[in-house]
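For reference, the chains in residue letters:
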Amino acid sequence: MTQDRVVVVTGASRGAGKGIALALGETGATVYVTGRTRSEGDAALPGTVFATAEEIDRRGGTGVPVICDHADDAQVEDLFKRVEREHGGLDVLVNNAFTIPDGLTQKGPFWEKPLALQSMFDVGMRSAYVASYYAAPLLVRNNAGLVVNTSSFGGRCYMHGPAYGAGKAAVDKMAHDMAVDFEPYNVAVISLWMGLLKTERNRALFEGVPDRYKSFAAGAESAEFSGRVIDTLARHPELMKWTGQVHIGAELGERLGVADIDGGRPESHRARLGDPPTFGTAVVK
């Protein structure tokens, strides 16, 4: 894939999505940045789709801000119609949009937490399916491409309760099954388990982190590391050998020779949090 790639990164006002969008934009790509935050102050945390797009421009890419609520299928459809009008095809889709409801990290069993945690099934699990649905014809048209579902170890271990875990496990399996449908068109699909990230949300948490979690905080990845991994994977001459799998970002980065922005190599949390799932080879249609 050349530097004139067309990319969509969902949920990129801040956090992982912003970091991924910046890393991909730095390669010269045109990056459509989606999110709901139009102006500073609209959200509790800093960041807007416009600020992300402007930073992409400063880094040598072309940032295209798109206000899009990924809980609204019509807005998602309009997003990809716009990409089609403006470019005719799509090279990379990163499904990163995710809602973080109040009470997610609240202590106690799931029935003592807000029922609203199920909103993660909408903007997270369901939104990844819908975006991929509308992006698929554009990826197929190019007869090459990459779809990445950002995920976490919560798809395998207990993390924040069953709602969070079910959502992450779902996008992992979704990547595997979409890969079957996309394979004849040379489009790869993976799920990428990111580590603890140095995001706007997490930086404040690191200051008061309990001693037992300090090793996690010390080994946190930049928000751009995953984008660097995605960029290198998208350019790989044997991209399709990675398709249909769940990959730990730190390990995939190691295999691809990708360093973080500080030159370091993030640590894999496999030993503490578990192995990625493997799926059966049977295909029932």
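Residues numbered from 1 in each chain as written. Predicted model: local features only at pLDDT ≥ 70, side-chain atom pairs only at ≥ 80, totals over all residues. Heavy atoms only, no water.

J.: What am I meant to see in the pattern of salt bridges here?
T.: On inspection of all chains with the given rule, the structure shows 16 salt bridges. The residue glutamate 26 makes a salt bridge to arginine 59 at a minimum N-O spacing of 3.7 Å. Placement of the pair is glutamate 26 in the loop between helix H1 (15–25) and strand S2 (30–35) and arginine 59 in the loop between helix H2 (49–58) and strand S3 (62–67), with a sequence separation of 33 residues. Of the residues examined, glutamate 26 reaches a relative accessible area of 40% and is grouped as partly exposed. Linking glutamate 251 and arginine 270 is a salt bridge whose minimum nitrogen-to-oxygen distance equals 2.6 Å. Here glutamate 251 is found in helix H9 (residues 249–256), whereas its partner arginine 270 is found in helix H10 (residues 270–273), with 19 residues between them in sequence. Overall, the relative accessible area of 24% leaves glutamate 251 in the partly exposed class. (Salt bridge = Lys/Arg side-chain N within 4 Å of Asp/Glu carboxyl O. Helix = DSSP H or I, 4+ residues; strand = E, 2+ residues; numbered from the N terminus. Buried < 20%, exposed > 50% of the residue type's maximum accessible area, 1.4 Å probe, protein only.)

J.: Can you walk me through the environment of phenylalanine 182 in this structure?
T.: By the element assignment, phenylalanine 182 lies in helix H5 (residues 162–182). C-alpha of phenylalanine 182 to C-alpha of threonine 52: the two residues are 130 residues apart in sequence and 30 Å apart in space.

J.: Sorry, what's going on with empty space enclosed by the protein here?
T.: Picture a little ball the size of a water molecule; that probe, rolled over the atoms, points out where space is still empty. Throughout the structure, instances matching the rule amount to one cavity of 30 Å³ or more. In this structure, the largest cavity occupies an estimated 130 Å³ of space. Taken together, 17 residues make up the lining of the largest cavity; nearest its centre are Asn95, Ala97, Gly124, Met125 and Val171. Residue assignment for the lining of the largest cavity shows that the elements contributing at least two residues are helix H4 (122–142), strand S5 (145–151) and H5. (1 Å grid on protein atoms, 1.4 Å probe; cavity = no way out; pocket = protein on both sides within 12 Å on 5 of 7 lines; lining within 4 Å. Points joined across faces, edges and corners; volume = space filled by probe spheres on them.)

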